[in-house]
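Read off the chains here:
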Amino acid sequence: MADETKKAADESAPIVQKTDGEPTMAVKVYAPFKVYFEGNAHSVSALNATGPFDVLPHHRNFLCMLLPCMLTIQGVEGEKTIKITRALMHVKADRVVVFMDV
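For clarity, every value in this text was computed on a predicted model and none was experimentally measured.

Looking now at the confidence of the model for the chain. Residues with a pLDDT of 70 or more make up 80% of the chain, whose mean pLDDT is 87. Residue range residues 1-13 is modelled with pLDDT below 50. Its contacts to residues more than four positions away, or to other chains, number five contacts.

If you want it as structure tokens, here you go:
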């Protein structure tokens, strides 16, 4: 039981790291059979029913459905753009998870 409590605490802890003095967050973009991006990033930009938005380190927790758009990830090693048709985005404790093709 203690291991489960420790694991749950570890998963909710912020994992902001600094790269070149800038904070980063963990980002994973994947579909059932493919991982499109997994790594640290400075920002993620997308589109939902409210309009275009950006997620930065220390963003508030939220969950949303993404509309068809170009998901832009400002990664530590450069920019990556991924075409989204349907996806679910979950942001929590400086982790961004985008599950595509839902």
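Bridge analysis of strand E2 (residues 22-31) against strand E3 (residues 34-48) gives seven bridges, and the strand direction is antiparallel. Residue pairing for E3: Ala 26 is matched across the bridge by Asn 40. Judged from the five bridges that link them, E2 and strand E9 (residues 95-100) form a sheet pairing that is parallel. If you follow Ala 26 over to E9, its bridge partner there is Arg 95.

This part is about the environment of Phe 99. Residue placement: Phe 99 occurs in strand E9. In this structure, Phe 99 is in contact with Tyr 30, Ala 31, Pro 32, Arg 86, Ala 87 and Leu 88, ignoring residues within four places of it in sequence.

Below, the discussion takes up the state of the cysteines. In the structure shown here, the tally under the stated rule is zero disulfides. The closest cysteine sulfur to the non-disulfide-bonded Cys 64 is located on Cys 69, 9.3 Å from its own sulfur. Given the relative accessible area of 10%, Cys 64 is considered buried. Here Cys 69 falls in the buried class, since its relative accessible area comes to 13%.

The next thing to look at is the nonpolar core. Core analysis: the biggest nonpolar cluster contains 23 residues, and Leu 66, Leu 71, Met 89 and Val 98 have the highest contact counts within it. Contact partners of Met 89, with chain neighbours within four places excluded, come to Val 44, Ala 46, Phe 53, Val 55, Phe 62, Leu 63, Cys 64, Leu 66, Leu 71, Val 96, Val 97 and Val 98.

Relative to the assigned elements, Asp 94 resides in the loop between strand E8 (87-92) and E9. No salt bridge is formed by the buried Asp 94; its nearest oppositely charged neighbour, Arg 95, is found at 8.5 Å. At 2.5 Å, the side chain of Asp 94 and the backbone nitrogen of His 58 are in polar contact.

Enumeration according to the criterion identifies two aromatic pairs in this entry. With centroids separated by 5.7 Å and ring planes inclined at 80 degrees, the aromatic side chains of Phe 53 and Phe 62 adopt a geometry described as edge-to-face. Here Phe 53 falls in the buried class, since its relative accessible area comes to 15%. For Phe 62, a relative accessible area of 24% corresponds to the partly exposed category.

All right, on to unusual backbone geometry then. With phi around 50 degrees, Ala 93 is a residue other than glycine that occupies positive phi space. With respect to the helices, strands and loops of the structure, Ala 93 is situated in the loop between E8 and E9. The buried category is assigned to Ala 93, whose relative accessible area is 15%. Of note in the backbone geometry, Asp 94 takes a positive phi value of approximately 60 degrees without being a glycine. Assessed through its relative accessible area of 5%, Asp 94 is described here as buried.

The rules behind the values
Residues numbered from 1 in each chain as written. Predicted model: local features only at pLDDT ≥ 70, side-chain atom pairs only at ≥ 80, totals over all residues. Heavy atoms only, no water. pLDDT = per-residue confidence, 0-100. Contact = heavy atoms within 4.5 Å. Pairing = 2+ DSSP bridges. Helix = DSSP H or I, 4+ residues; strand = E, 2+ residues; numbered from the N terminus. Disulfide = S-S within 2.5 Å. Buried < 20%, exposed > 50% of the residue type's maximum accessible area, 1.4 Å probe, protein only. Core = buried A, V, L, I, M, F, W, Y, C linked by side-chain atoms within 4.5 Å. Lys, Arg positive; Asp, Glu negative; His and termini not counted. Salt bridge = Lys/Arg side-chain N within 4 Å of Asp/Glu carboxyl O. Polar contact = N/O pair within 3.5 Å; in protein donor to acceptor, adjacent residues only side chain to side chain. Phe/Tyr/Trp six-rings, centres within 6.5 Å; stacked < 30°, edge-to-face > 60°.

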